[in-house]
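# Notes for the structure review
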Amino acid sequence: MFQRLICNFELKLSSKRANILFRGPLKNNLCHQCGFRLYGQKAAVLRNCYNRTFPDRFGIYNLRLRYYTSQVDVQKKNDHIEKLKDQATLATSKKINAKLKPSEIKRLFGLAEPEKWTLTAAIGFLIVSSSVTMAVPFSLGKVLDIIYSSTSDLGAAREKLDALCLMLCGVFLVGGLCNFGRVYLMSISGQRMTQALRKQVYGAIMRQEAAWFGKTSTGELVNRLSADTQLVGRNLSQNVSDGLRSLFMVGAGTGMMFYMSPSLALIGLCVVPPVSVLAVIYGRFVRGITRQLQDSLAETSELAEEKISNIKTVKAFSKEQNECESYGQRIENVLKLAYKESLAVGSFYGLTGLSGNTIIILVLYYGGSMVATEQLSVGNLTSFLLYAAYVGISIGGLSSFYTELNKGMGAATRLWDIIDREPQIPVAGGLRPTERPKGEIILENIHFSYSSAPLIKGLDLQLLPGKSVALVGRSGCGKSTIASLILRLYDPEQGRVLLDGVDIKELDPLWLRSHVGYVSQEPVLFSGSIKDNILYGALDEYEVDDESLDKKKEPAWLSAARTAHLHELVVASADGWDRQVGARGGQLSGGQKQRVAIARAIVKNPKILILDEATSALDTYSEYLVDKALKEISRDRTVLTIAHRLSTIQSADEVAVLEKGVIVERGTYAELIAKKGGFFQELITHQTFAAKSRENRDMQNT
Ligand SMILES: Nc1ncnc2c1ncn2[C@@H]1O[C@H](COP(=O)(O)OP(=O)(O)OP(=O)(O)O)[C@@H](O)[C@H]1O
């Protein structure tokens, strides 16, 4: 069984064509993209380049090689790619496992800057509440000492006890209130930081150019937006609060231990250094595993999001069970990582708990001997024990703070990846001519590709103001891509797109797009009403138009809706223009969606109109009406119509045929149809043949 394999190589040329066979070895036979090394394929490579001409005698050329090979080779290549992926993951986790960088920590805490006053107040409350907690062991020791030392004078002891307990009640009440203040303030500032971060990340996502979305999964982005932001927000509030509390308690507890008995303190704290080392190792591990877990979760979310939003297709193919299984498999991966994390967390907490108890045992043992030799009072030993316990617990708290900090850093670096990314096509900025454009579009020697295979190869096309050009060609030849280039959703690799003689790269994309109306092949509506969806295409001033002071004047959105024949859609609905279209316009038919999309495109009165299969989902009558309307609104505009059904473009001023990345024919419909053996005629012949076969089939069926 042979399969086609594609690899990219560098060819080191030491002479022209004829000598390749002898003097032109591959510089290396590693594929640029996947790094797979091919053995014994030299002949295939050479055959592949034999008919190519190379501009230079000597040089290194990139060569894309397609050849048929055995299943084994394909499997080898796939295995190799998998291995590379694993290596990449390893490299990433290694990177993650590296030490926390001070600059990163600084940046993480910089996010808390807007909340500094709330956090300062919360820290104030924290100091008071923690001091109150730390007063407990001392007070308890005092109570015990009063009891033990005053056996002869019970009345005086009682008095002292009453006074002490009364004072403690007051202190604890203050402590409780401060604790409330600390938790409340930390919690609200955490929520606010999460929201601010979400806004920032969402803004950064929206800023990116269209090509980036092709490479990034939606599930991952949604995950970053929801889970990662929450993790970071919680880290900067709750975790910092708990960490500071632990730190305070460790500091104060240790101080009190030394105050009461320095020698006993040294014995008790000997477990601290090994626990700290363990905490650091554990923290790094957790940071890596958290990132892997989040990535894995993102993949799962991506799958679920895609399938749930296309549930009708899943059901139509009865794939519910398969989808459940494939989701189950992904979840299994998440579970495996979660097991690893749980094992690490369990071991760590077990060990820190054990070390806490070790402190207690050590203190009990040596402290007990000191009490026996009257070096320490019972009250002081009790206080000491409690301080030791507090310190033990707080060290656990500190390590958990460190763990959470690592998780937060993992999440934050994922967010910074997005926030710091500079889009290749800016959202705004550039020339904003004050005049409305005339609408002349020139595509000049355009080269473009989505992947390594070139799609547009030196295309030239001119669209004149007030004229309509119909772009036709085989499916997948790049017609919609031309529309995207005019809208500057992508930049050409070579060549220029000019609007009225100015390269659109110099124009403000906001200004450019405000003058281009676009109806895409698959119109996408957003949840909301019909009116909301039409107004989505309006410039701000048209929205104001809705509340027009001149009541006699029809708002722009309403006339756009009228032009797109949307009235019948609202007549039957009690909600009128406020009729909801559902998520992604799911409550409308394909044709209805298309008409809303047409209204949305024309509401801003654009100078250039791009209609990509704009009437493909309409029935013949609606198509007739909408076509008529489109013809009306096309007057005085530059129109680019992309159509499959060639009968629908007869009225275009000019037809351009796209084939293999260039315009191969241009002329009026009549001219091109008369051109014997031309590309357009071939397209027409194919379409007529297909239509006839359909007709015959229909007749046979009836
Ligand atoms: N975002 C993308 N990423 C990668 N490849 C893409 C992308 N969009 C389109 N392509 C590929 O580029 C080629 C041209 O696509 P395009 O949509 O421009 O063709 P088209 O001529 O409009 O096709 P059709 O007439 O079927 O709508 C196709 O092979 C398509 O698979």
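We now turn to the structure provided with this report. Throughout, a residue's number is its position along its own chain's written sequence, starting from 1. It should be noted that, the model being predicted, local features are given only for residues of pLDDT at least 70 and side-chain atom pairs only at 80 or more, the latter also being counted only at that level, while totals for whole chains, interfaces and linings use all residues. Excluding hydrogens and water, the side-chain figures rest on all heavy atoms present in the structure.

### A short note on the overall build of the protein chain
Applied cut-off: By definition, any uninterrupted DSSP run of H or I lasting at least four residues is a helix, any uninterrupted run of E lasting at least two residues is a strand, and each is numbered from the N terminus. The buried label goes to any residue with under 20% of its type's maximum accessible area, the exposed label to any with over 50%, and the partly exposed label to all in between, with areas taken from a 1.4 Å probe on protein chains only. When checking whether two residues touch, look at their non-hydrogen atoms; a contact exists if any pair is within 4.5 Å.
Of regular secondary structure, the protein chain possesses 23 helices and 13 strands. Within the protein chain, the fraction of its 702 residues that count as buried is 43%. When contacts within the protein chain are restricted to residue pairs at least 6 apart in sequence, those whose partners lie at least 24 apart make up 77%.

### Observations regarding the packing of aromatic side chains
Condition: Two rings from Phe, Tyr or Trp (for Trp, the six-membered ring) form a pair when their centres sit within 6.5 Å of each other. Planes less than 30 degrees apart are called stacked, planes more than 60 degrees apart edge-to-face, and all others tilted.
Counted according to the given criterion, the structure contains 7 aromatic pairs. A ring pair is formed by tyrosine 365 and tyrosine 366, whose centres lie 5.2 Å apart and whose planes are at 90°; its orientation type is edge-to-face. Using a relative accessible area of 59% as the deciding quantity, one classes tyrosine 365 as exposed. By relative accessible area, tyrosine 366 is classed as partly exposed at 38%. A centroid spacing of 5.4 Å and a plane angle of 85° characterise the contact between tyrosine 450 and tyrosine 490, whose relative ring orientation is edge-to-face. Here tyrosine 490 lies in the loop between helix H14 (479-486) and strand E7 (494-499) and tyrosine 450 lies in the loop between strand E4 (441-448) and strand E5 (456-463), a separation of 40 residues in the sequence. Here tyrosine 490 falls in the buried class, since its relative accessible area comes to 18%. Through a chain of ring-to-ring contacts, the aromatic side chains of Phe448, Tyr450 and Tyr490 assemble into a single cluster.

### A look at the sheet that holds E4
Selection rule: Each pair of strands is called paired provided DSSP finds at least two bridges between the two strands. Here, axes are lines fitted to C-alpha atoms. For helices the fit covers the stretch in contact, and angles between N-to-C directions go from 0 to 180 degrees.
With respect to topology, 4 strands assemble into an open sheet ordered E5-E4-E7-E8, the strand pairing being antiparallel. Both outer strands of the open sheet, E5 and strand E8 (502-503), are each paired with one neighbouring strand and no more. Bridge count for E4 against E7 is 5 bridges, and the pairing is antiparallel. Residue pairing for E7: isoleucine 442 is matched across the bridge by leucine 498. H14 rests against E4, E5 and E7 of the sheet, and its axis sits at about 115° to E4.

### A word on the nonpolar core
Condition: Joining through side-chain atoms within 4.5 Å is the link that ties buried Ala, Val, Leu, Ile, Met, Phe, Trp, Tyr and Cys residues into a set, and such a set is a nonpolar core.
Within the largest apolar cluster, 33 residues are counted, with the highest numbers of intra-cluster contacts made by Ile530, Ile534, Leu566, Trp577 and Val596. Broken down by element, the residue count for this core peaks at 6 residues, all from helix H20 (residues 590-602). Sequence-distant contacts of tryptophan 577, that is, excluding residues within four places in its chain, are made with Ser529, Ile530, Lys531, Ile534, Trp557, Leu558, Ala561, Leu566, His567 and Val570. If you look at the next biggest cluster of nonpolar residues, it comprises 32 residues, including Leu455, Ala483, Ile504 and Leu507.

### Quick word on the site of the ligand
Formally: Only a single heavy atom is needed: when it lies within 4 Å of a molecule or strand, its residue is near that molecule or strand. Under the rule applied, a polar contact is a pair of N or O atoms within 3.5 Å (in protein, one hydrogen donor and one hydrogen acceptor; residues adjacent in sequence only if both atoms are side-chain atoms).
Every one of the 13 residues lining the ligand counts as a neighbour, but Ser475, Lys479, Thr481, Gln521 and His644 are closest to it. Glycine 478 is positioned such that a nitrogen or oxygen atom in its backbone is 2.9 Å from an oxygen atom of the ligand. Take threonine 481: an N or O atom from its side chain is 2.5 Å from an oxygen atom of the ligand.

### Examining the pattern of salt bridges
Pairing is possible between side chains that carry opposite charge, provided their charged atoms lie close to one another. The following threshold applies: Salt bridges, as used here, are contacts in which a Lys or Arg side-chain nitrogen is within 4 Å of a carboxyl oxygen on Asp or Glu.
Here the structure, examined in full by the defined rule, presents 13 salt bridges. Between arginine 421 and glutamate 209 there is a salt bridge whose closest N-O contact spans 3.0 Å. One end of the pair, arginine 421, is in the loop between helix H13 (378-419) and E4; the other, glutamate 209, is in the loop between helix H6 (154-207) and helix H7 (210-215), with 212 residues separating them in the sequence. The pair arginine 421 / glutamate 209 is uniform in exposure class, with both members buried.

### Brief notes about the pairing of strand E13 (residues 662-667)
By the bridge criterion, 5 bridges tie strand E12 (residues 654-659) to E13 in an arrangement that is antiparallel. Paired with leucine 658 across the two strands is isoleucine 663, which belongs to E13. Counted along the chain from E12 to the antiparallel partner E13, the turn is 2 residues long, and its residue lysine 660 has a positive phi close to 50°.

### What about the side chain of serine 383?
As for its position among the elements, serine 383 is in helix H13. A residue is classified by how much of its surface remains accessible, and serine 383, at 1% relative accessible area, is buried. Here serine 383 is in contact with Pro137, Phe138, Gly141 and Met260, once residues within four sequence places are set aside.

### Let's talk about unusual backbone geometry
Although it is not a glycine, asparagine 445 adopts a positive phi angle of roughly 45°. The topology assignment puts asparagine 445 in strand E4.

### Regarding a nonpolar patch on the surface
We count it as follows: Patch members must show over 30% relative accessible area and no salt bridge, and they are joined within 9 Å when carrying like charges or within 5 Å when they are nonpolar side chains of Val, Leu, Ile, Met, Phe, Trp or Tyr. Only the protein chains shown count as cover for residues, and the accessible areas themselves come from Shrake-Rupley with a 1.4 Å probe.
A cluster of nonpolar residues, Ile147, Tyr148 and Val378, forms a patch on the protein surface that exposes about 290 Å² of accessible area. With respect to the secondary-structure elements, tyrosine 148 resides in helix H5 (residues 116-149).

### Concerning helix H12 (residues 320-372)
To be explicit about the condition: For a helix, the expected span equals 1.5 Å multiplied by the residue count minus one.
An ideal rise of 1.5 Å per residue puts 78 Å on 53 residues; H12 measures up with 74 Å between its terminal C-alpha atoms. Trailing H12 by a residue or two, glutamate 374 shows a phi angle of about 60°, which is positive.

### With respect to empty space enclosed by the protein
Rules: Here the term cavity refers to a set of points on a 1 Å grid, laid over the protein atoms alone, in which a 1.4 Å probe fits but cannot get out; the term pocket refers to an open set having protein on both sides within 12 Å along at least five of seven lines, with lining residues being those that place an atom within 4 Å of a point. Grid points are joined across faces, edges and corners, and a volume is the space filled by probe spheres set on the points. Residue polarity is assigned by list, with Asp, Glu, Lys and Arg as charged and Ala, Val, Leu, Ile, Met, Phe, Trp, Tyr, Cys and Pro as nonpolar; anything else, Gly included, falls into the polar class.
In total, this model carries 2 cavities of 30 Å³ or more according to the counting rule given. Looking at the largest cavity, its volume works out to about 50 Å³. If you go around the largest cavity, the residues you meet are Val271, Val272, Val275, Thr352, Ser355, Gly356, Ile359, Gly392, Ile395 and Gly396. Elements with a contribution of two residues or more to the lining of the largest cavity: helix H10 (272-309), H12 and H13. In terms of residues, the lining of the largest cavity owes the most to one element, H12, which gives 4 residues. Partitioning the lining of the largest cavity into residue classes produces 5 nonpolar, 5 polar and no charged. Each pocket or cavity is described by its volume, and for the second largest cavity that value is around 40 Å³. Residue lining of the second largest cavity: Leu485, Arg488, Tyr490, Asp491, Pro492, Gly495, Arg496, Val497, Asp503, Ile504 and Lys505, and that is the complete set. Per-element accounting of the lining of the second largest cavity gives the leading share, 3 residues, to E7.

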